[in-house]
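The chain contents come next:
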Amino acid sequence: MYNRTANLGCTNSQINLAEMYRCGVEGVVNENIEEAFKWYKIAAGENRLSNVGALEELSAGAMKTVDNTLGNVLKFKALRLLFKYYRNGDCPEGRPQPTKAVYYLTRAAELGDAEAQLELGQIYLTGGCEQLKDVARARRWLQKASAHGDVRAKQLLEECLKQIVDTEHTASEVSEEAFLQTCDILKEKMKQRSESRLHPFAISQPVPLTEE
């Protein structure tokens with residue numbers, strides 16, 4: 001059930017299907033972390049559905065119209081889950097991926113998620129998730145969260161004003177691991193862009209015909 005509606009573009013079903021693959025459901029699906037993250041990213045709007053026919057495209061459009069009544073709430077949820085699992089190491093790489101985690105949190109913050117804006121502000125204020133401490137950037141995100149009425153964000157903004165902004169960071173301060181994670185994200189985006197250029201009716205794995 002979730003599989004069909006997920007393929008039709010239902011974001012809620014995509015998240016539920018991702019969770020099922022992440023944990024595994026006895027008698028339904030085996031645990032498959034790669035498949036889980038594929039669906040998290042589709043739900044977050046970071047990846048596209050593949051091998052979708054014309055009829056499915058029409059149905060997906062209708063499903064998205066229904067989904068849009070919830071605004072970006074479900075997309076925010078998917079992006080925050082990606083942040084959480086990459087930060088904790090509950091991901092295909094099998095260990096924490098802080099740079100990837102912050103990437104997806106930033107995507108949610110950029111789309112207007114106040115919860116993500118607050119979290120991102122705290123990260124830059126303290127230098128968490130292996131990010132360089134950047135009070136100016138922290139202040140920017142906390143101001144956005146504060147504009148949504150977040151009380152905690154307003155309190156942290158006061159703390160920002162008490163700290164001296166240090167902008168003299170050198171490239172050597174960026175860890176090799178962070179660089180590699182950034183490269184992974186860029187490679188995935190380039191692959192998605194390349195695949196999106198394929199004709200919508202192209203058959204990626206044609207079945208050879210045989211004569212009897």
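Nothing here was measured: the structure is a model prediction, and the numbers come from that model. Residue positions are given per chain, counting from 1 as you read along its sequence in written order. Residues qualify for local features only when their pLDDT is at least 70, as the model is predicted, and side-chain atom pairs are given and counted only at 80 or more; totals for whole chains, interfaces and linings, by contrast, use all residues. Excluding hydrogens and water, the side-chain figures rest on all heavy atoms present in the structure.

The secondary structure listing takes helices from DSSP runs of H or I that are at least 4 residues long and strands from runs of E that are at least 2 residues long, numbered from the N terminus. Expected span of a helix: the number of residues minus one, times 1.5 Å. Here helix α7 (residues 114-126) is 13 residues long and its end C-alpha atoms lie 19 Å apart, about the 18 Å a rise of 1.5 Å per residue gives. Burial classification: accessible surface area is computed with a 1.4 Å probe over protein chains only, and a residue below 20% of its type maximum counts as buried, one above 50% as exposed, and the rest as partly exposed. Ala114, Ala116, Gln117, Leu118, Leu120, Gly121, Ile123, Tyr124 and Leu125 are the residues of α7 that are buried. Contacts: residue pairs with any heavy atoms within 4.5 Å of one another. Contact partners of the buried residues in α7: α5 (73-88), α6 (98-110), α8 (135-147) and α9 (151-162). N-capping of α7 is provided by Asp113, with a side-chain oxygen placed 3.3 Å from the backbone N of Glu115. Positive backbone phi, at 80°, marks Gly127, one or two positions downstream of α7. Polar contact is the term for a pair of N or O atoms within 3.5 Å; when the atoms are in protein, one must be able to donate a hydrogen and the other to accept it, and sequence-neighboring residues count only if both atoms are side-chain atoms.

A word on the packing of helix α3 (residues 33-43) against α5. Two quantities define a packed helix pair, namely the angle between the axes and the distance from one axis to the other. An axis is simply a line fitted to the C-alpha atoms; with a helix, the fit covers only the stretch in contact. Between two such axes, the angle follows the N-to-C directions and lies from 0 to 180 degrees. Between α3 and α5, the least distance of the axes is 8 Å, while the angle of their chain directions is 140°. Comparing their axes, α5 and α3 come out oblique. Our pair here, α3 against α5, has a crossing hand that is left-handed. For the pair α3 and α5, contact is made by Phe37, Tyr40, Lys41 and Ala43 and by Lys75, Ala78, Leu81, Leu82, Tyr85 and Tyr86, respectively. When an angle is under 35 degrees it counts as roughly parallel; over 145 it counts as roughly antiparallel; between 65 and 115 it counts as roughly perpendicular; any other value is oblique. What makes a crossing left-handed is the near helix being turned counterclockwise from the far one by less than a right angle; a clockwise turn instead makes it right-handed.

Judged by nonpolar contacts, the single largest core of 46 residues is most densely connected at Phe37, Trp39, Tyr40, Leu82, Tyr86, Leu120 and Leu142. When residues of this core are assigned to their parent elements, the largest contribution, eight residues, is made by α5. Contacts of Phe37, omitting those with residues within four sequence positions, involve Leu82, Tyr85, Tyr86, Asp90, Cys91 and Pro92. What we call a nonpolar core is a set of buried Ala, Val, Leu, Ile, Met, Phe, Trp, Tyr and Cys residues that are connected through their side-chain atoms within 4.5 Å.

Moving on, we get to unusual backbone geometry. The phi angle of most residues is negative, glycine excepted, and most peptide bonds adopt the trans form. Here the phi dihedral of Cys129 falls at roughly 55°; this positive angle occurs in a residue that is not glycine. Among the secondary structure elements, Cys129 is positioned in the loop between α7 and α8.

With that settled, consider the packing of aromatic side chains. Stacked, tilted and edge-to-face are the three classes assigned to paired rings of Phe, Tyr and Trp, where Trp is represented by its six-membered ring and a pair needs centres within 6.5 Å; plane angles under 30 degrees give stacked, over 60 edge-to-face, the rest tilted. This structure, assessed with the given rule, holds six aromatic pairs. A ring pair is formed by Tyr40 and Tyr85, whose centres lie 5.6 Å apart and whose planes are at 45°; its orientation type is tilted. Taken together, the residues span a long stretch of sequence, with Tyr40 in helix α3 and Tyr85 in helix α5 at a distance of 45 residues. Here Tyr86 and Tyr104 contribute two aromatic rings whose centre-to-centre distance is 5.7 Å and whose plane-to-plane angle is 5°, an arrangement assigned as stacked. Residue Tyr86 is found in helix α5, and its partner Tyr104 is found in helix α6; the two are separated by 18 residues along the sequence. An identical accessibility class is assigned to Tyr86 and Tyr104; each is buried. The ring of Tyr124 has Arg137 lying over it, and the distance from NZ or CZ to the ring centre is 5.0 Å. For a ring to carry a charge above it, either NZ of a lysine or CZ of an arginine must fall within 6 Å of the ring centroid while also lying within 35 degrees of the normal to the ring plane. A cation over an aromatic ring shows up here: Arg140 above the ring of Trp141, its NZ or CZ 4.4 Å from the ring centre.

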